[in-house]
Amino acid sequence: MSDVQTLSRDAVDVLRENDRGNYTVPTKGLYPFQWNWDSCLTALGLWHVDEDRAWREIETLFAHQWPDGMVPHIIFHVDDDGYFPGPSIWATGRPTPTSGITQPPVAGFAVRRLWDRARNHDVLSRRVKALLPKVAAWHRWFFANRDPQGEGLVALLHPWESGRDNSIDWDEAFERVPTEGIAPYIRRDTQHAAPAHRPTKDQYDRYLWLVEHFRGLGWDNAKLHDASPFQIVDPGFNAILLRSCTDLADLAEALGETAIAAENREFARRGLAGMESLWSSARGQYLCRDRTTGALVESASIGGLLAAFAAIPGGRARTIAATIETLAAKARFIVPSHNPDDPRFDARRYWRGPVWLIVNYMIADGLARAGAVATAERISASSLDLIRESGFAEYYDPTDGAPLGGGSFTWTAAMVLEILNPRTGA
Ligand code: GLC
């Protein structure tokens with residue numbers, strides 16, 4: 001068997017292991033439910049195995065969309081007390097319990113990519129037409145609830161929304177989140193993965209304070225933004241949203257849904273203009289802005305490189321590629337989730353240094369589109385090297401490639417299938 005065949009077969013095995021019929025779990029034990037952006041990216045990998053199943057992954061997610069348009073970050077399809085915080089802590093009152101916050105909106109991108117590859121558009125068009133207004137409602141929800149001043153960019157109200165849970169980006173703003181008064185709790189994550197690779201207790205206390213605060217406001221999204229002491233405009237998150245807006249607009253246009261197309265084009269236009277305010281020439285990347293103070297956050301993390309996923313100006317994308325090339329000189333594997341020169345860099349702790357294949361995939365996709373093909377290929381090659389050395393882990397140490405966090409990880413496997421078969425059906 002060739003190297004490609006072996007890697008593909010192993011990746012398919014991981015997807016099968018974590019398939020629960022209509023959704024996949026990110027990995028057994030650590031994450032026993034459906035996660036939002038995991039599912040959308042996983043659908044791309046599932047496509048290589050079973051096209052119908054790929055669409056079902058996303059349809060299941062959207063079946064749990066809130067009436068206001070939000071798509072929650074976790075759907076608790078089953079009871080499992082191996083995970084904390086579970087449904088009783090969130091207490092969102094949904095028919096199937098869900099969390100009360102959202103995650104990076106990569107669905108628009110995923111749906112368009114699946115559609116572009118579809119083997120039979122006639123058969124799929126009914127399903128896609130049913131999904132389009134749902135994705136559009138989610139985008140509308142973002143701008144209505146997370147951009148109250150209409151600046152074109154949306155804020156995160158909880159680090160878990162970013163998908164980059166304990167990034168260094170949040171440290172300073174997080175200091176303003178209190179810890180007093182939270183109910184006693186027992187973490188479960190540190191029973192499944194090494195505590196040194198996971199967020200600290202102090203961070204966890206603040207995560208829970210925010211959850212309790214929002215719960216106290218009845219999860220009313222019209223109130224949460226202004227009531228949150230944590231409001232961060234993350235370039236990576238916004239880039240994912242803007243890319244999804246553009247992709248949804250293209251797809252809507254192709255299917256004759258002109259109102260959805262026009263609305264999403266406008267979101268993308270305003271957002272891309274707004275992104276300019278996050279650019280740092282000194283660092284050769286975008287930075288987060290703390291909306292409560294208005295200041296840029298001096299933290300060179302992967303969020304500012306992930307911005308290449310959106311249709312940013314070509315010059316910005318080329319600078320990001322050059323920045324990644326300098327990171328490649330400092331780490332054996334790219335792209336580290338934080339700049340190794342920063343004293344806060346931590347090669348093994350969750351989002352504070354390690355490499356994640358999903359982020360690599362999105363950065364490489366954006367850079368390739370912008371013409372920075374050599375860097376894009378270098379990122380993909382480094383991603384596969386990690387798999388060959390360390391298997392399908394949740395994340396990896398960029399200095400020595402050690403596998404970290406959960407094992408047999410679904411979206412890592414999905415990205416491997418994508419990287420190995422870039423043009424299949426596209
Ligand atoms: C962690 C990650 C998040 C992911 C989840 C499930 O919380 O930080 O991005 O969605 O695990 O894989």
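Everything numeric here is computed off the predicted structure, so don't read it as measured data.

Topic: the overall build of the protein chain
Helix and strand counts for the protein chain come out as 18 helices and eight strands. Taken against the 2.2 N^0.38 rule, which gives 22 Å for 426 residues, the C-alpha radius of gyration of the protein chain at 20 Å falls within 12% of a compact globule. For the protein chain, the spread of C-alpha atoms along the principal axes amounts to about 55 × 50 × 45 Å. The buried share of the protein chain, reckoned over its 426 residues, is 61%. Surface summary for the protein chain: the accessible area is close to 14800 Å², and the carbon and sulfur share equals 50%. Once the 45 positive and 54 negative side-chain charges of the protein chain are each reduced to a mean point, those two points are 2 Å apart.

Observations concerning the UniProt feature "domain: Mannosylglycerate hydrolase MGH1-like glycoside hydrolase" (unreviewed entry) in the protein chain
With numbering aligned to this structure, UniProt lists the feature "domain: Mannosylglycerate hydrolase MGH1-like glycoside hydrolase" (unreviewed entry) at residues 31-412. With 50% helix and 4% strand, the stretch residues 31-412 has end C-alpha atoms that lie 14 Å from each other.

Overview of the site of the ligand
Neighbouring residues of the ligand: 13 residues in total, closest Asp-38, Gly-163, Asp-165, Tyr-350 and Trp-351. With respect to the ligand, the side chain of Asp-38 contributes an N or O atom lying 2.6 Å from an oxygen atom. At a separation of 3.0 Å, an oxygen atom of the ligand approaches a polar side-chain atom of Tyr-350. Notes on the ligand: free accessible area 310 Å², of which the protein chains cover 97%. Considering only residue class, the shell around the ligand consists of eight nonpolar, two polar and three charged.

Digging into the state of the cysteines
According to the stated counting rule, one finds zero disulfides in the structure shown. Unpaired in this structure, Cys-245 has its nearest cysteine sulfur neighbour in Cys-40, at a distance of 14 Å.

Thoughts on unusual backbone geometry
Going from Phe-84 to Pro-85, the amide bond is cis rather than trans, its omega being 0°. Among the structural elements, Pro-85 can be located in the loop between strand 2 (74-75) and helix 4 (87-90). A cis amide bond, omega 5°, links Ile-334 with the succeeding residue Val-335. Looking at the element boundaries, Val-335 is found in the loop between helix 15 (314-328) and helix 16 (357-369). Backbone geometry places Trp-351, a non-glycine residue, at a positive phi of 65°. The residue Trp-351 is located in the loop between helix 15 and helix 16 in this model.

A look at helix 5 (residues 107-117)
When you tally the buried positions in helix 5, you get eight out of eleven residues, the bulk of the element. Along helix 5, the positions that sit buried rather than exposed are Ala-107, Gly-108, Phe-109, Ala-110, Val-111, Leu-114, Trp-115 and Arg-117.

Description of the side chain of Ser-301
Relative to the helices and strands, Ser-301 resides in the loop between strand 6 (289-290) and helix 14 (303-306). Ignoring any residue separated from it by four or fewer positions in sequence, one finds Ser-301 in contact with Arg-164, Ser-167, Asp-169, Gln-285, Ser-337 and His-338.

A short note on the environment of Glu-172
Topologically, Glu-172 is positioned in helix 8 (residues 171-174). Here the alpha-carbon distance between Glu-172 and Glu-298, two residues 126 residues apart in the chain, equals 9.8 Å.

Let's talk about the packing of helix 16 against helix 17 (residues 373-390)
Look at helix 16 against helix 17: their axes get within 8 Å of each other, and the N-to-C directions meet at 160°. As the angle between them shows, helix 16 and helix 17 are arranged roughly antiparallel. As for the relative orientation of helix 16 and helix 17, their crossing is left-handed in sense. Facing Leu-357, Asn-360, Ile-363, Ala-364, Leu-367 and Ala-368 of helix 16, the residues of helix 17 in contact are Val-373, Thr-375, Ala-376, Ile-379, Ser-380, Ser-383, Leu-386 and Ile-387. Here the contact of helix 16 with helix 17 is composed, by residue class, of ten nonpolar, four polar and no charged.

Examining the pattern of salt bridges
Where charged atoms of side chains with opposite charge meet at close range, the side chains can pair. For the structure shown, the criterion picks out 42 salt bridges. In this structure, the salt-bridge partner of Arg-269 is Glu-266, at a minimum N-O distance of 2.8 Å. Here Arg-269 and its partner Glu-266 are both found in helix 13 (residues 258-275), three residues apart, which amounts to about one turn of the helix. For Glu-266, a relative accessible area of 33% puts it in the partly exposed group. One network of salt bridges, in which partners are shared, links Arg-112, Arg-113, Asp-116, Arg-243, Asp-247, Asp-250, Glu-253, Arg-265 and Asp-365.

Things to note about the packing of aromatic side chains
This model, assessed by the stated rule, comprises 30 aromatic pairs. Considering the side-chain rings of Trp-170 and Phe-230, the 6.2 Å spacing of their centres and the 80° angle between planes classify their relative orientation as edge-to-face. Separated by 60 residues along the polypeptide, Trp-170 in the loop between helix 7 (159-162) and helix 8 and Phe-230 in the loop between helix 11 (221-227) and strand 3 (232-233) bring together distant segments of the chain. Across the pair, Phe-230 and Trp-170 agree in class, each one buried. Taking the centre distance of 5.4 Å and the plane angle of 75° together, the rings of Tyr-204 and Tyr-207 count as edge-to-face. One end of the pair, Tyr-204, and the other, Tyr-207, are both in helix 10 (residues 201-216), three residues apart, so they sit about a helical turn from each other. Here the two residues Tyr-204 and Tyr-207 agree in accessibility, since each one is buried. Taken together, the aromatic side chains of Phe-84, Trp-90, Trp-160, Trp-170, Phe-174, Tyr-185, Tyr-204, Tyr-207, Phe-214, Trp-219 and Phe-230 make up a single cluster linked through ring pairs. Positioned above the aromatic ring of Tyr-350 is the side chain of Arg-198, whose terminal nitrogen or guanidinium carbon lies 4.3 Å from the ring centre.

Thresholds applied
- Residues numbered from 1 in each chain as written.
- Predicted model: local features only at pLDDT ≥ 70, side-chain atom pairs only at ≥ 80, totals over all residues.
- Heavy atoms only, no water.
- Helix = DSSP H or I, 4+ residues; strand = E, 2+ residues; numbered from the N terminus.
- Rg over C-alpha atoms; globule rule 2.2 N^0.38 Å.
- Buried < 20%, exposed > 50% of the residue type's maximum accessible area, 1.4 Å probe, protein only.
- Areas by Shrake-Rupley, 256 points an atom, 1.4 Å probe, with all protein chains shown as cover.
- Lys, Arg positive; Asp, Glu negative; His and termini not counted.
- Charge placed at Lys NZ, Arg CZ, Asp CG, Glu CD.
- UniProt positions renumbered as here; feature names shortened; annotations may be inferred.
- Near = heavy atom within 4 Å.
- Polar contact = N/O pair within 3.5 Å; in protein donor to acceptor, adjacent residues only side chain to side chain.
- Nonpolar A, V, L, I, M, F, W, Y, C, P; charged D, E, K, R; others polar.
- Disulfide = S-S within 2.5 Å.
- Contact = heavy atoms within 4.5 Å.
- Axes fitted to C-alpha atoms, helices over the stretch in contact; angles between N-to-C directions.
- Parallel < 35°, antiparallel > 145°, perpendicular 65-115°, else oblique.
- Left-handed = near helix turned anticlockwise from the far one by under 90°.
- Salt bridge = Lys/Arg side-chain N within 4 Å of Asp/Glu carboxyl O.
- Phe/Tyr/Trp six-rings, centres within 6.5 Å; stacked < 30°, edge-to-face > 60°.
- Lys NZ or Arg CZ within 6 Å of the ring centre and 35° of its normal.

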